[in-house]
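# Structural overview for review
So the chains spell out like this:
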Amino acid sequence: MAPFDLLYPRSVDAALAELRSASPGDVAILAGGTDLLLDIDRERIAPRRVVSLRYLPWKFLEWSGDSLTIGSTLPLRTLESDPLVRQRIPGLWEAVRAVGSVALRHRATLGGNLVRSAPASDLSPILLALDAEVEVVGPRGSRWMPVDGFLSESRRPKLAFGELLRAVRIPEARPSAYRWQRVRPVNDISQVGVAVARSPSTGSYRIAVGDLLPRPVRIRPAEEAVRSRPPTDDEMRSAAALAARLSPFASDRRGTEAYRRLIVEVLVRRALLAIQPPALRGSEP
Ligand SMILES: Cc1cc2nc3c(=O)[nH]c(=O)nc-3n(C[C@H](O)[C@H](O)[C@H](O)COP(=O)(O)OP(=O)(O)OC[C@H]3O[C@@H](n4cnc5c(N)ncnc54)[C@H](O)[C@@H]3O)c2cc1C
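Description of the structure in this document. (Residues numbered from 1 in each chain as written. Predicted model: local features only at pLDDT ≥ 70, side-chain atom pairs only at ≥ 80, totals over all residues.)

## Considerations on the nonpolar core
Quick reminder of the rule: Each nonpolar core consists of buried Ala, Val, Leu, Ile, Met, Phe, Trp, Tyr and Cys residues. Their C-beta atoms, within 7 Å, join them into a set. Counting other C-beta atoms within 10 Å of its own, a residue is labelled buried from 20 upward, exposed at 12 or fewer, and partly exposed in the gap between, with every C-beta atom placed from the backbone. Every helix listed is a DSSP run of H or I at least four residues long, and every strand listed is a run of E at least two residues long, numbered separately from the N terminus. Here contacts are defined at the residue level, using C-beta atoms placed from the backbone and a cut-off of 7 Å between them.
Counting 80 residues, the largest nonpolar core has Ala195, Val196, Ile207, Ala239, Ala243 and Val268 as its most contacted members. If you tally residues by element for this core, the top one is helix H12 (residues 257–274), at seven residues. Not counting chain neighbours up to four residues away, the residues in contact with Ala195 comprise Gly91, Ala95, Pro125, Ile126, Leu128, Ala129, Ser176, Tyr178 and Ala208.

In structure tokens:
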């Protein structure tokens, strides 16, 4: 591993100034380091300077009515330990708990997961289903954009050099669920991840699927199949079948395309059932 200088700016302006004074290949941004330090260790990147976000005031969790804003450097374990998150946005809580292990979640952050934009991220599908927005700060100030626009087709998020992800906002707490399939339950990357949420204000559903190339996506025809309030069993089955047919899966060493289609159908139905009132839910298939 090539040596590098580790910098700890104490303010956002100081962090942005450090980035501005470097050129792209020479500098890297460090949050929890669970991805970045592996990249450096395996010599995929060789920055001369690493700018740590540790002392920026971004480890916050703020409720405002139904809306939740999460600082980008809040460790996932803190998010998972918040009883209101579990109660009001259960799908987010379930997705956070799907990431790695307890030890990993003490370090890993929501911001790092989103900026990494891995196709198998457990957090991107649920943030899509919750219509989340992200705040990016840079030399020209701050801007908000939907997570859907932030995750690009090129596996690189819409973050210019010199910009930082400050926060993620979930505009409305929603009944939601995250279901996943992987070979090992801990410290493994999922083969399929499915997030479902229902908006209490409009009654509409969001269904997002992960482990797709190049990025997790919403499957809109499946969302539109769930029309009745509450949905019928036929509608939920048809949404699950549409998600299985339309998700652009590929085969890789973690699973074949055919296997993923089979699993996604089961998981979409399970997630839809999980957010119905108890009388309709029965037991998950
Ligand atoms: C053993 C293991 C198991 C894992 N299991 C899972 C899993 O089950 N599910 C899953 O989704 N992921 C998993 N991961 C991936 C990883 O833990 C997550 O992506 C993590 O959330 C990244 O957050 P971090 O704070 O560690 O990011 P870092 O490693 O610090 O940063 C990741 C990238 O984002 C950039 N970055 C970080 N924060 C910001 C910011 N605020 N603004 C701009 N750029 C930023 C960094 O420069 C870097 O390029 C696993 C990783 C390991 C090593």
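## Description of the sheet that holds strand E1 (residues 5–7)
Sheet strands associate in pairs through backbone hydrogen bonding, adopting either a parallel or an antiparallel arrangement. Operational definition: By this definition, two strands are paired if DSSP reports at least two bridges between them. Angles here are taken between N-to-C directions and fall from 0 to 180 degrees, while the axes themselves are lines fitted to C-alpha atoms, restricted in helices to the stretch in contact.
Pairing is parallel in the open sheet, where three strands are placed in the order E1-E3-E2. Each edge of the open sheet is held by one strand with a lone partner, namely E1 and strand E2 (27–30). Along the sheet, successive strands turn relative to each other by an average axial angle of 25 degrees, direction set aside. In this sheet, strand E3 (residues 49–52) lies alongside E2 in parallel orientation, the contact comprising four bridges.

## A few points about the packing of helix H11 (residues 233–246) against H12
This is how the line gets drawn: Crossings are classed by handedness, with left-handed meaning an anticlockwise turn of the near helix from the far one by less than a right angle and right-handed meaning a clockwise turn. Residues are sorted three ways: Asp, Glu, Lys and Arg are charged, Ala, Val, Leu, Ile, Met, Phe, Trp, Tyr, Cys and Pro are nonpolar, and all the rest, Gly among them, are polar.
With their axes 8 Å apart at the nearest point, H11 and H12 run at an angle of 145 degrees to one another. Crossing of H11 against H12: the hand is right-handed. Residues Met236, Arg237, Ala239, Ala240, Ala241, Ala243 and Ala244 of H11 pack against Arg261, Val264, Glu265, Val268, Arg269, Leu272 and Leu273 of H12. Of the residues assigned to the contact of H11 with H12, the class counts are 10 nonpolar, no polar and four charged.

## Some words on the sheet that holds strand E12 (residues 217–218)
Ordered by their spatial adjacency, four strands build an open sheet running E9-E10-E11-E12, and the pairing between neighbours is antiparallel. A single partner strand is all that each edge strand has here, and the edge strands are strand E9 (176–181) and E12. One ladder, built from two bridges, connects strand E11 (residues 205–210) with E12; its direction is antiparallel. What sits directly across from Ala208, in E12, is Arg218.

## A word on unusual backbone geometry
The linkage connecting Leu213 with the following residue, Pro214, adopts the cis geometry, with an omega of 0 degrees. Structurally, Pro214 can be placed in the loop between E11 and E12. With a phi close to 50 degrees, Asp131 is a non-glycine residue in the positive phi region. Relative to the helices and strands, Asp131 is located in the loop between helix H8 (123–129) and strand E6 (133–138).

## Overview of the pairing of strand E4 (residues 61–64)
Pairing geometry for E4 and strand E5 (residues 67–71), over four bridges, is antiparallel. Along E5, the bridge assignment pairs Ser64 with Ser67. Between E4 and E5, which follow one another and run antiparallel, lie two residues, and Gly65 among them has a positive phi close to 65 degrees.

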